[in-house]
Amino acid sequence: MNIGPALPSERVDMDLQAIVDDIVRELEPRLGEGKVADYIPELARIDPKQFGIAITTVEGQTYKAGDADAAFSIQSISKVFMLTLALGKAGEGVWNRVGREPSGSAFNSIVQLEHEHGIPRNPFINAGAIVVADMVLAGHAPREAIGEYLRFMRYVADDETLSIDEKVAQSEQKTGYRNFALANFMRGFGNLHHPVEHVLGVYFHQCALALSCVQLSHAGLYLAHRGTNPLTGFSVVSPKRARRINALMMMCGHYDGSGDFAFHVGLPGKSGVGGGILAVAPGKASIAVWSPGLNKVGNSALGSVALEMLATKTGWSVFGT
Ligand code: GLN
């Protein structure tokens, strides 16, 4: 039976280097689009005219273009890695304190929390991530929990040079009024077990991790390869857990822009207000893009466009080619 030409995802000859080079070339005239996050003073100083992309395949090849080696603040992308840590620590008990449904609200929204008795909708909005930070903090001083996170990130990325940008963490510590409000509110409902200052100390430091696109694409590889980093052979989570984290990224990774991201890109992804996005093509590759200008819902404007271009050029959408 003739089933027609090979689907793009079946192409073995796909030239990923040419694809990332093309994306950088096509986006060049649009550099600077969007608005840099300015509610964190340290992030407001970043030059918006930057764009980087890196793809690391499950076979272990990395393809990069543009500012792929420049370090940026991963911000909310850290929520994926902290959830991975919390699941390792508390197992399914995580889901007693945070939900798994898309919120349809902004990342820093407080409106649903009162109706839902201090149980955040999902681990990727700020309220949910603050509860997850509280879980990772259990049994530790804040400094130890931050150390555990940093060690974990160095392990998954197989890179001992990763570090936290203390200036960014301090900048948010001084101005993160909404996060203090969310945390105090949840503490009032009994869904934070540690002092608000300690939990937010952990949360602001996890967000302030600085990674390049290349490093981030390495760090996310376990999600594309059934829970194991194929470069190192390090096992991070079970295949089932990797699949579930991907499902959450698809449904909740872009806040009230998650539907749009699924519609245009069709890959599990997690954004951060530093302008980065981690996307996962299961069984194929881990992809990181970065451009500091954000769209209206706080996701990288050009990063989202770049991933749509990539999904179109590769046929990597999980919904079909
Ligand atoms: N640290 C940021 C905040 O809490 C993270 C938000 C984000 O990246 N969407 O506001």
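Residues numbered from 1 in each chain as written. Predicted model: local features only at pLDDT ≥ 70, side-chain atom pairs only at ≥ 80, totals over all residues. Heavy atoms only, no water.

> In this structure, what is going on with the nonpolar core? I would like to understand it.
Soluble globular proteins: nonpolar side chains tend toward being buried together. F81, L83, I130, Y149 and M153 are the most contacted members of the largest nonpolar core, which has 79 residues in total. Here this core takes nine residues from helix α5 (residues 126-137), the largest share from any one element. Core analysis: the next-biggest nonpolar cluster, separate from the first, contains 27 residues, I287, A306, L307 and A311 among them. (Core = buried A, V, L, I, M, F, W, Y, C linked by side-chain atoms within 4.5 Å. Buried < 20%, exposed > 50% of the residue type's maximum accessible area, 1.4 Å probe, protein only. Helix = DSSP H or I, 4+ residues; strand = E, 2+ residues; numbered from the N terminus.)

> Can you walk me through helix α3 (residues 78-90) in this structure?
Because an α-helix completes one turn every 3.6 residues, residues spaced three or four positions apart along the sequence face the same direction. The end-to-end C-alpha distance of α3 is 18 Å, a good match for the 18 Å that 13 residues give at a rise of 1.5 Å each. With ten of 13 residues buried, α3 lies mostly within the body of the structure. Burial in α3 covers these residues: S78, K79, V80, F81, M82, L83, T84, L85, A86 and L87. Looking one or two places after α3, you find G91, whose phi comes out positive at around 60°. (Expected span 1.5 Å × (residues − 1).)

> Could you clarify how one ought to interpret the confidence of the model for the chain in this entry?
Of all residues in the chain, 96% attain a pLDDT of 70 or more, and the chain-wide mean is 95. Across residues 1-12, confidence stays below pLDDT 50; counting only partners more than four residues off in sequence or on other chains, it has ten contacts. (pLDDT = per-residue confidence, 0-100. Contact = heavy atoms within 4.5 Å.)

> Mind showing me how you'd approach the site of the ligand here?
Lining the immediate environment of the ligand, one finds Y39, Q75, S76, F107, N126, E172, N179, Y203, C207, Y255, G272 and V273. With respect to the ligand, the side chain of N179 contributes an N or O atom lying 2.8 Å from an oxygen atom. Bound to the protein, the ligand loses 99% of the 300 Å² it would expose on its own. (Near = heavy atom within 4 Å. Polar contact = N/O pair within 3.5 Å; in protein donor to acceptor, adjacent residues only side chain to side chain. Areas by Shrake-Rupley, 256 points an atom, 1.4 Å probe, with all protein chains shown as cover.)

> Would you mind going over unusual backbone geometry with me for this structure?
Residue Q75 is not a glycine yet carries a positive backbone phi of 45°. Here Q75 lies in the loop between β3 (72-73) and α3. Classification of Q75 as buried rests on a relative accessible area of 2%. Its identity is not glycine, yet R226 carries a phi of approximately 55°, on the positive side. With respect to the element layout, R226 can be found in the loop between α11 (221-224) and α12 (239-252). Assessed through its relative accessible area of 59%, R226 is described here as exposed.

> Help me out: how do you make sense of the packing of α3 against helix α9 (residues 196-207) in this one?
Two numbers describe a pair of packed helices, the interaxial angle and the distance between the axes. It is at 9 Å that the axes of α3 and α9 come closest, and there the two elements cross at 125°. Comparing the axis directions of α3 and α9 gives the class oblique. Judged by the sense of rotation from one axis to the other, the crossing of α3 with α9 is right-handed. Seen from α3, the contacting residues are S78, K79 and M82; seen from α9, they are V202, Y203, Q206 and C207. Of the residues contributing to the contact of α3 with α9, the split by class is four nonpolar, two polar and one charged. (Axes fitted to C-alpha atoms, helices over the stretch in contact; angles between N-to-C directions. Parallel < 35°, antiparallel > 145°, perpendicular 65-115°, else oblique. Left-handed = near helix turned anticlockwise from the far one by under 90°. Nonpolar A, V, L, I, M, F, W, Y, C, P; charged D, E, K, R; others polar.)

> Help me understand the sheet that holds β3 in this model?
Strand-to-strand pairing in sheets goes through backbone hydrogen bonds, with the strands running parallel or antiparallel. Strand order in this open sheet of three strands is β3-β5-β4, and the pairing throughout is antiparallel. Among the strands making up the open sheet, the edge pair consists of β3 and β4 (163-164). Where β4 lies against strand β5 (residues 209-211), two bridges are found, and the strand directions are antiparallel. What sits directly across from I164, in β5, is L209. (Pairing = 2+ DSSP bridges.)

> Can you walk me through the environment of F81 in this structure?
Within the element layout of this structure, F81 appears in helix α3. On the basis of relative accessible area, F81 is assigned to the buried category, the value being 0%. Measuring from C-alpha to C-alpha, the distance between F81 and I287 comes to 15 Å, with 206 residues separating the pair along the chain. When neighbours within four sequence positions are excluded, F81 is seen to be in contact with Y149, F152, M153, L216, A219, G220, Y222 and L278.

> When you look at α12 in this model, what are you seeing that I'm missing?
Compared with the 20 Å implied by 1.5 Å per residue over 14 residues, the 20 Å span of α12 between its first and last C-alpha is a close match. Inspection of α12 places A242, I245, N246, L248, M249, M250 and C252 among the buried residues, and these make up the whole buried set. Buried residues belonging to α12 abut α3, α11, α13 (258-264), β6 (269-271) and β7 (276-281).

> Would you explain the environment of L307 in this entry?
Mapped onto the secondary structure, L307 falls in helix α14 (residues 301-314). In this structure L307 comes out as buried when scored by relative accessible area, which is 1%. The spacing of L307 and V265 is 42 residues in sequence and 6.2 Å in space, taken between C-alpha atoms. With sequence-adjacent residues up to four places away left out, L307 is seen in contact with F261, V265, I277, A279, I287 and V289.

> I'm lost on the pairing of strand β8 (residues 285-290) in this one. Help?
Walk down a regular strand and you will see the side chains alternate between the two sheet faces. Most of β8 sits inside the fold, with six of its six residues counted as buried. Here β8 shows two buried faces, one formed by A285, I287 and V289 and the other by S286, A288 and W290. Pairing of strand β1 (residues 52-57) with β8, which is carried by six bridges, proceeds in the antiparallel orientation. Each residue of the ladder has a partner; that of T57, found in β8, is A285. With antiparallel pairing between neighbouring strands as the criterion, β7 and β8 make up a hairpin whose turn holds three residues, including G283 at a positive phi of roughly 80°.

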